[in-house]
Amino acid sequence: MTRSLVELPPPPGPVRMYFCGPTVYARAHIGNARPFILGLWLRSWLRASGYEAELVHNITDINDKIYDAAPGASAELAARATQWYLEDTGDLGLGMPDHLPKATESVPQIVSFIEQLIDSGHAYAAGGDVYFRVASYPGYGGLSGQRPDQVEQPEEPSALKEDARDFALWKANKPETEDTWWDSPWGRGRPGWHIECSVMAEDIFGPSFEIHGGGLDLVFPHHENEVAQSRSLGHPFAEIWAHNGMLRFTGEKMSKSTGNVTTIREAIDEWGRETILVFFLGGHWRKPIDFSELTLTQAAAQWRSFGMAIYENRPPRPATGWESFEDALNDDFNTPEALAVLHEWRAASQLDLLNRGLSIFGLGFVLEAPPEEVQELAKERSVARAGKDFAESDRLRDEIYRRGWIVQDGVVGSTLVPRKDM
Ligand SMILES: [Zn+2]
């Protein structure tokens, strides 16, 4: 909103964050991973810095895209795609937002918010729809830097609007294309997209909270409209806006495999979660980032280099302290600079600092040493594998598993990680 950096209140805050989530009608695009990851990394860093940080990430499960993608079965598709999103983002290994509200579960609150807008003259009902009256809110355009009289609303024109700039808060049901609806004082229908986020954010946090995030493509109209809806009722709404840069698919030639990777699921399956996370660390969150064979290969190499340093376990040499890492993240959450500090620690074999830093981003290594007999079994297994005695090697793997450890054959040899279910 201010086009400048804003100081956070001192710890413990709170820092309450609302990051716009996906519209669920297919497996989520890898570009959707960026705001998800940024929100969880910020929460992780703020908590490590002594803040009470909380993250809300909404699920838009009422939308034209869902009706279009599954005529006659939109609710089933939305439920399935929500499950996909939770599975795929869960596999990033960063934990989950504190709240994941769904539009379908927020309709009564949305209806009452719209009623308040109508009662205060900021909205009007027309033919079963309800529109926000942009002329009633003089601050309109402030977030996206547009003059209020020159704004063009991208949504489809409607003869029911008083003014072309007005946008829908409630849409009357179209029985031929929309197979879900809710009852309201204006008849059967469903909420618009923008009102959902004003309502869900305020439902959980109250009329004011610290940070609102989302992709740069959401500034207008989505976030501009959220601001108008909430502030016209006198609610302060988000104090700080933090828009992440977009993921770019660069012109460079991609191999068949990378060229086909467009979803979070495919990216994790193809490259592994660690490589995806290192890739995102390498770009400043506010700037665009290039998703390509080259940048992912580089991220994979960086991840391997961290693993090698950890498992080689050489004697440490002097290096910069924790403050350098802290300074990088406390200044506009500069992850590329933090990544450079991680590499300095890697090169100096400062493994405690390295692992502590990596853990902030969900990349920490499990350094618990397995018991001696398990290490012995792992050695025997390596010998069996080297001699291509795969039956024996499998038997030993099972034996190790029974004792609570998993053998992972990776690029830096086999490692032992503790079973999570024991
Ligand atoms: Zn939103």
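Everything below is about the structure printed above this text.
Right, let's walk through the structure included here. Nothing here was measured: the structure is a model prediction, and the numbers come from that model.

### Section: the overall build of the protein
Thinking step 1. Counting its regular elements, the protein contains 15 helices and 12 strands.
Thinking step 2. Looking at the 422 residues of the protein, the share that counts as buried comes to 49%.
Thinking step 3. A sequence separation of at least 24 residues applies to 75% of the contacts in the protein between residues at least 6 apart.
Thinking step 4. Total accessible area on the protein stands at roughly 19,500 Å², and carbon and sulfur atoms take up 51% of it.

### Observations regarding the pattern of salt bridges
Thinking step 1. Tallied over the entire structure, the rule returns 23 salt bridges.
Thinking step 2. As a salt-bridge pair, Asp-88 and Arg-27 come within 2.9 Å of each other at their nearest N and O atoms. Here Asp-88, found in helix H3 (residues 74–90), pairs with Arg-27, found in the loop between strand S1 (15–19) and helix H1 (33–48); they are 61 residues apart in sequence, far enough to count as distant.
Thinking step 3. Residue Arg-27 is classed as partly exposed on the basis of its relative accessible area of 28%.
Thinking step 4. Between Asp-332 and Arg-286 there is a salt bridge whose closest N-O contact spans 2.4 Å. With Asp-332 in the loop between helix H11 (322–330) and helix H12 (335–347) and Arg-286 in the loop between helix H9 (273–281) and strand S10 (289–291), the pair connects residues that are 46 residues apart, well separated along the chain.
Thinking step 5. One connected set of salt bridges, linked through shared partners, spans Arg-27, Glu-87, Asp-88, Asp-91, Arg-265 and Asp-269.

### Details of the sheet that holds strand S3 (residues 123–126)
Thinking step 1. Ordered by their spatial adjacency, four strands build an open sheet running S3-S4-S5-S6, and the pairing between neighbours is antiparallel. Each having just a single partner strand, S3 and strand S6 (189–191) make up the two edges of the open sheet. Each strand of the sheet is rotated relative to its neighbour by a mean of 20°, with strand direction disregarded.
Thinking step 2. For S3 and strand S4 (residues 129–132), the ladder comprises four bridges, and the chain directions are antiparallel. Within the sheet, the bridge partner assigned to Ala-126 lies in S4 and is Asp-129.

### A few points about empty space enclosed by the protein
The gaps left among the atoms become clear once a water-sized probe is rolled over them.
Thinking step 1. This model, assessed by the stated rule, comprises one cavity of 30 Å³ or more.
Thinking step 2. Approximately 80 Å³ is the volume attributed to the largest cavity.
Thinking step 3. Together, Arg-34, Ile-37, Leu-38, Trp-41, Phe-280, Gly-283, Trp-285, Phe-333 and Thr-335 line the largest cavity.
Thinking step 4. Element by element, the count of residues in the lining of the largest cavity is highest for H1, at four residues.

### A closer look at the packing of aromatic side chains
Thinking step 1. Tallied over the entire structure, the rule returns 20 aromatic pairs.
Thinking step 2. Residues Trp-45 and Phe-325 carry aromatic rings whose centres are separated by 5.8 Å and whose planes lie at 85° to one another, so their mutual orientation is edge-to-face. On the criterion of sequence distance, the pair formed by Trp-45 in helix H1 and Phe-325 in helix H11 is long-range, its members being 280 residues apart.
Thinking step 3. Taking the relative accessible area as the measure of exposure, Trp-45 reaches 4% and is therefore buried.
Thinking step 4. Relative accessible area serves as the criterion here: at 0%, Phe-325 is assigned to the buried category.
Thinking step 5. Here Trp-322 and Phe-325 contribute two aromatic rings whose centre-to-centre distance is 4.8 Å and whose plane-to-plane angle is 35°, an arrangement assigned as tilted. Placement of the pair is Trp-322 and Phe-325 together in helix H11, with a separation of three residues, close to one helical turn. The exposure classification of Trp-322 matches that of Phe-325, with both residues buried.

### Points about the packing of helix H8 (residues 264–271) against H9
Thinking step 1. Orientation of H8 relative to H9, taken along the N-to-C sense of each, is 110°, at an axis distance of 7 Å. Taken together, the axes of H8 and H9 lie roughly perpendicular to each other. Seen from H8, the contacting residues are Ala-267, Ile-268 and Trp-271; seen from H9, they are Arg-273, Thr-275 and Ile-276.
Thinking step 2. Of the residues contributing to the contact of H8 with H9, the split by class is four nonpolar, one polar and one charged.

### Examining the nonpolar core
Thinking step 1. Formed by 69 residues in total, the largest nonpolar core has its most connected members in Phe-280, Phe-325 and Phe-361.
Thinking step 2. The element that contributes the greatest number of residues to this core is H1, accounting for nine residues.
Thinking step 3. Excluding its chain neighbours within four sequence positions, the residues that come into contact with Phe-280 are Ile-30, Ala-33, Arg-34, Ile-37, Trp-41, Leu-247, Ile-289 and Thr-335.

### Considerations on the environment of Ala-73
Thinking step 1. Relative to the helices and strands, Ala-73 resides in the loop between helix H2 (64–69) and H3.
Thinking step 2. Judged by its relative accessible area of 27%, Ala-73 is partly exposed.
Thinking step 3. Taking the C-alpha atoms as reference, Ala-73 lies 40 Å from Met-1; in sequence the two are 72 residues apart.

### Observations concerning the coordination of the zinc ion
Thinking step 1. Here the zinc ion is held by the protein donor atoms Cys-20 (SG), Cys-197 (SG) and His-222 (NE2), which lie 2.0 to 2.2 Å from it.
Thinking step 2. Counting the intervening residues between successive donors of the zinc ion yields the motif C-x176-C-x24-H. A residue pair is termed long-range when its members are at least 10 positions apart, and Cys-20 in the loop between S1 and H1 and Cys-197 in helix H5 (residues 193–205) qualify at 177 residues. A single burial state applies to Cys-20 and to Cys-197, both of which are buried.

### A few points about the pairing of S1
Thinking step 1. Burial analysis of S1 places four of its five residues in the buried class, the great majority of the element.
Thinking step 2. Handedness of the crossover joining S1 and strand S2 (residues 53–57) through H1 is recorded here as right-handed.
Thinking step 3. Pairing geometry for S1 and strand S7 (residues 208–215), over three bridges, is parallel. By the bridge assignment, Tyr-18 is partnered in S7 with His-212.

Reading the values: the criteria
- Residues numbered from 1 in each chain as written.
- Predicted model: local features only at pLDDT ≥ 70, side-chain atom pairs only at ≥ 80, totals over all residues.
- Heavy atoms only, no water.
- Helix = DSSP H or I, 4+ residues; strand = E, 2+ residues; numbered from the N terminus.
- Buried < 20%, exposed > 50% of the residue type's maximum accessible area, 1.4 Å probe, protein only.
- Contact = heavy atoms within 4.5 Å.
- Areas by Shrake-Rupley, 256 points an atom, 1.4 Å probe, with all protein chains shown as cover.
- Salt bridge = Lys/Arg side-chain N within 4 Å of Asp/Glu carboxyl O.
- Pairing = 2+ DSSP bridges.
- Axes fitted to C-alpha atoms, helices over the stretch in contact; angles between N-to-C directions.
- 1 Å grid on protein atoms, 1.4 Å probe; cavity = no way out; pocket = protein on both sides within 12 Å on 5 of 7 lines; lining within 4 Å.
- Points joined across faces, edges and corners; volume = space filled by probe spheres on them.
- Phe/Tyr/Trp six-rings, centres within 6.5 Å; stacked < 30°, edge-to-face > 60°.
- Parallel < 35°, antiparallel > 145°, perpendicular 65-115°, else oblique.
- Nonpolar A, V, L, I, M, F, W, Y, C, P; charged D, E, K, R; others polar.
- Core = buried A, V, L, I, M, F, W, Y, C linked by side-chain atoms within 4.5 Å.
- Donors = N, O, S within 2.8 Å, 3.2 Å for Na, K, Ca; no water.
- Right-handed = clockwise from strand over helix to strand, strands pointing away.

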